[in-house]
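So the chains spell out like this:
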Amino acid sequence: HYCNAGQEAVNRSRDHIQRVLPVLHRDGHVDHVAESLIFLRWTGEPAEEERKYLDWLRGLVAPDGGICFRLYPGCLPRWHTVSLMMQLQLEAGS
């Protein structure tokens, strides 16, 4: 989308992201879910069930603002995931 790819390529990419998004969510890939939501918004078509994913991501924010990259016992917050969440807030509003 940002590289001015043809609409067909953008549509195929969007469809692929939409298909794998539930799997990424189920498997606790926090970073990838946030990135996917951002990318889908950039193409002008938000994710199906975007609100569910946003609520899940917001529920993972620690009291200090940190967010784990991937959910596993003892995971540590990562700056990249926090920055993705900030970008997602800008894209999705609130």
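Please refer to the structure higher up on the page.
Quick summary incoming for the structure in this document. Computed from a predicted model, the values in this text were never measured in an experiment.

Below, the discussion takes up unusual backbone geometry. Leave glycine aside and you will find that most residues have negative phi; peptide bonds, for their part, are mostly trans. One non-glycine residue, glutamate 49, lies in the positive phi region at around 60°. Structurally, glutamate 49 can be placed in the loop between helix 2 (30–42) and helix 3 (50–58).

The next subject is helix 3. Listed as buried for helix 3 are Glu50, Tyr53, Leu54, Trp56 and Leu57. Down the axis of helix 3, the smallest arc covering the buried residues is 160°, so these residues share one side. Lining the buried residues of helix 3 we find helix 1 (7–26), helix 2 and helix 4 (79–92).

Attention now goes to helix 1. When the terminal C-alpha atoms of helix 1 are compared, their 29 Å separation across 20 residues agrees well with the 28 Å that a helix rising 1.5 Å per residue should span. Within helix 1 the residues assigned to the buried category are Val10, Arg14, Ile17, Gln18, Leu21, Leu24 and His25. In the stretch just after helix 1, glycine 28 is the one whose phi turns positive, near 75°.

Here the focus is the nonpolar core. The biggest cluster of nonpolar side chains holds 18 residues, and the ones touching the most others in it are Leu21, Val33, Leu37, Leu57 and Leu88. Only helix 1, helix 2, helix 3 and helix 4 provide two or more residues apiece to this core. Here this core takes six residues from helix 2, the largest share from any one element. Once you skip the residues sitting within four places of it in the chain, leucine 88 turns out to touch Ala34, Leu37, Ile38, Leu54, Leu57 and Gly93.

Let us look at the packing of aromatic side chains. Going through the model one piece at a time under the given rule, you end up with one aromatic pair. Judged by centre distance (5.6 Å) and plane angle (45°), the rings of phenylalanine 39 and tryptophan 42 are tilted. Taken as a pair, phenylalanine 39 and tryptophan 42 lie in helix 2 at a separation of three residues, close to a single helical turn. Residue classification places tryptophan 42 among the partly exposed residues on the basis of a relative accessible area of 29%.

Reading the values: rules and limits
Residues numbered from 1 in each chain as written. Predicted model: local features only at pLDDT ≥ 70, side-chain atom pairs only at ≥ 80, totals over all residues. Heavy atoms only, no water. Helix = DSSP H or I, 4+ residues; strand = E, 2+ residues; numbered from the N terminus. Buried < 20%, exposed > 50% of the residue type's maximum accessible area, 1.4 Å probe, protein only. Arc of directions from axis to C-beta. Contact = heavy atoms within 4.5 Å. Expected span 1.5 Å × (residues − 1). Core = buried A, V, L, I, M, F, W, Y, C linked by side-chain atoms within 4.5 Å. Phe/Tyr/Trp six-rings, centres within 6.5 Å; stacked < 30°, edge-to-face > 60°.

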